[in-house]
Amino acid sequence: MKTQRPAVGGAVYGVILNDRDSLARMGDALLDAPYKGVPKAPVLYLKPRGTLVGEGAVVRLPAGAGAVEIGATLGVVLARPVARIAPAQVPEALAGYVLVADLSLPHASYYRPAIREKCFDGACPVGARLLAPAQVGAGVDGVDLARVSLRTYVNGALVATRSLADLVRDVPTLVADVAEFMTLAQGDTLLVGVVWQAPQAVAGDVVRIEAEGFDPLEFSIAAGEGAA
């Protein structure tokens, strides 16, 4: 498998609890501290530059890690800096969308900073090509991200299907809410969110993510140095 360069180079921000399925399955746990309810603002984390790898990459698990969660998602790439922007203005500020696998080591708490779990080297495989906004979810009656379905395969077997119709905040609302308190730079990527308890892969597995209109994103998982 030939490794390709990821299609993004700026900062990458991940989002959790932006899909209705995760909120429903978490149930009463959302009433616990620190939120004591459904978050009223996007819950963000960073995917540092060292996490970014491209199509065909071999992702090595940290020593001691037995599995990794495969969070299939889309990245929204900014064409220009945005700050304090109205949702209606967001579409004209987008360069495109890219297929992303937001990888995370399984962990019990969704609330503490999951640095080791989400920021290990190679923890963000990214597709090699942006898809123009007008091509994402395109239909006879216009463009609608809710039409996009993400499919995750492990060793050729379908392990998860996700419709982006489940987003709590659509892309214009998500970008506007984040840009309300911080500036997103040209080339930055905002992931639309991952599902809670995504399917897992282990060393030796080959993972493939597909979505309508996008080039598939495929990569493999390997044991890290020092692993048993």
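Anything mentioned here points back to the structure above.
None of these values were measured; they are calculated from a predicted model.

## What about the overall build of the protein chain?
Move 1: A tally of regular secondary structure across the protein chain gives three helices and 15 strands.
Move 2: Against the 2.2 N^0.38 benchmark of 17 Å for 228 residues, the protein chain shows a C-alpha radius of gyration of 17 Å, consistent with a compact globule.
Move 3: Its C-alpha atoms give the protein chain principal-axis dimensions of roughly 50 × 45 × 30 Å.
Move 4: The long-range share in the protein chain, meaning contacts at least 24 apart out of those at least 6 apart in sequence, stands at 76%.
Move 5: Accessible area of the protein chain: about 10,300 Å², with a carbon and sulfur share of 54%.
Move 6: Placing the 20 positive and 23 negative side-chain charges of the protein chain at their respective mean positions leaves the two points 4 Å apart.

## Examining the nonpolar core
Move 1: Residues Val68, Leu74, Tyr97, Leu103, Leu145 and Phe219 are the most contacted members of the largest nonpolar core, which totals 51 residues.
Move 2: Listing elements by their share of this core, those giving two or more residues are strand 1 (12-16), strand 5 (68-78), strand 6 (94-104), strand 10 (149-154), helix 3 (171-179), strand 14 (206-211) and strand 15 (217-222).
Move 3: Those residues within four positions of Val68 in sequence are excluded, and the remaining contacts are Leu61, Leu103, Ser104, Leu105, Pro106, Phe120, Pro199, Gln200, Ala201 and Ile221.
Move 4: If you look at the next biggest cluster of nonpolar residues, it comprises nine residues, including Val8, Val98, Val126 and Leu191.

## Structural notes on the environment of Val178
Move 1: Tracing the backbone shows Val178 in helix 3.
Move 2: Exposure remark for Val178: the relative accessible area of 0% places this residue in the buried category.
Move 3: Separated by 135 residues in the primary sequence, Val178 and Val43 have C-alpha atoms spaced 9.4 Å apart.
Move 4: Beyond its immediate sequence surroundings of up to four residues, Val178 is in contact with Pro42, Leu44, Leu184 and Leu190.

## Notes on the state of the cysteines
Move 1: Counting across every chain of the model gives zero disulfides.
Move 2: You can see Cys119 has no disulfide; the closest cysteine sulfur is in Cys124, sitting 9.9 Å from it.
Move 3: Judged by relative accessible area, Cys124 falls into the buried class, the value being 0%.

## Looking at the sheet that holds strand 14
Move 1: Strand order across the open sheet formed by five strands is 4-15-14-10-11, with mixed pairing between neighbours. The open sheet has two free edges, formed respectively by strand 4 (58-60) and strand 11 (157-163), since each of these has just one partner strand. For this sheet, the mean angle separating the axes of adjacent strands, direction not counted, is 25°.
Move 2: Note: strand 4 against strand 15, three bridges, orientation parallel. Note on strand 15: the bridge partner recorded for Val59 is Ile221.

## Considerations on the pattern of salt bridges
Opposite charge on two side chains permits them to pair, given that their charged atoms come into close proximity.
Move 1: This structure, assessed with the given rule, holds nine salt bridges.
Move 2: With a shortest N-O distance of 2.7 Å, Asp102 and Lys47 are connected by a salt bridge. Taken together, the residues span a long stretch of sequence, with Asp102 in strand 6 and Lys47 in strand 2 (residues 43-47) at a distance of 55 residues. Here Asp102 and Lys47 have matching classes, each one buried.
Move 3: Residue Arg151 is joined to Glu210 by a salt bridge in which the shortest nitrogen-to-oxygen separation is 3.7 Å. Remark: Glu210 occurs in strand 14 and Arg151 occurs in strand 10; sequence separation between them is 59 residues. For the pair shown, Arg151 and Glu210 are each scored as buried.

What counts and what doesn't
Residues numbered from 1 in each chain as written. Predicted model: local features only at pLDDT ≥ 70, side-chain atom pairs only at ≥ 80, totals over all residues. Heavy atoms only, no water. Helix = DSSP H or I, 4+ residues; strand = E, 2+ residues; numbered from the N terminus. Rg over C-alpha atoms; globule rule 2.2 N^0.38 Å. Contact = heavy atoms within 4.5 Å. Areas by Shrake-Rupley, 256 points an atom, 1.4 Å probe, with all protein chains shown as cover. Lys, Arg positive; Asp, Glu negative; His and termini not counted. Charge placed at Lys NZ, Arg CZ, Asp CG, Glu CD. Core = buried A, V, L, I, M, F, W, Y, C linked by side-chain atoms within 4.5 Å. Buried < 20%, exposed > 50% of the residue type's maximum accessible area, 1.4 Å probe, protein only. Disulfide = S-S within 2.5 Å. Pairing = 2+ DSSP bridges. Axes fitted to C-alpha atoms, helices over the stretch in contact; angles between N-to-C directions. Salt bridge = Lys/Arg side-chain N within 4 Å of Asp/Glu carboxyl O.

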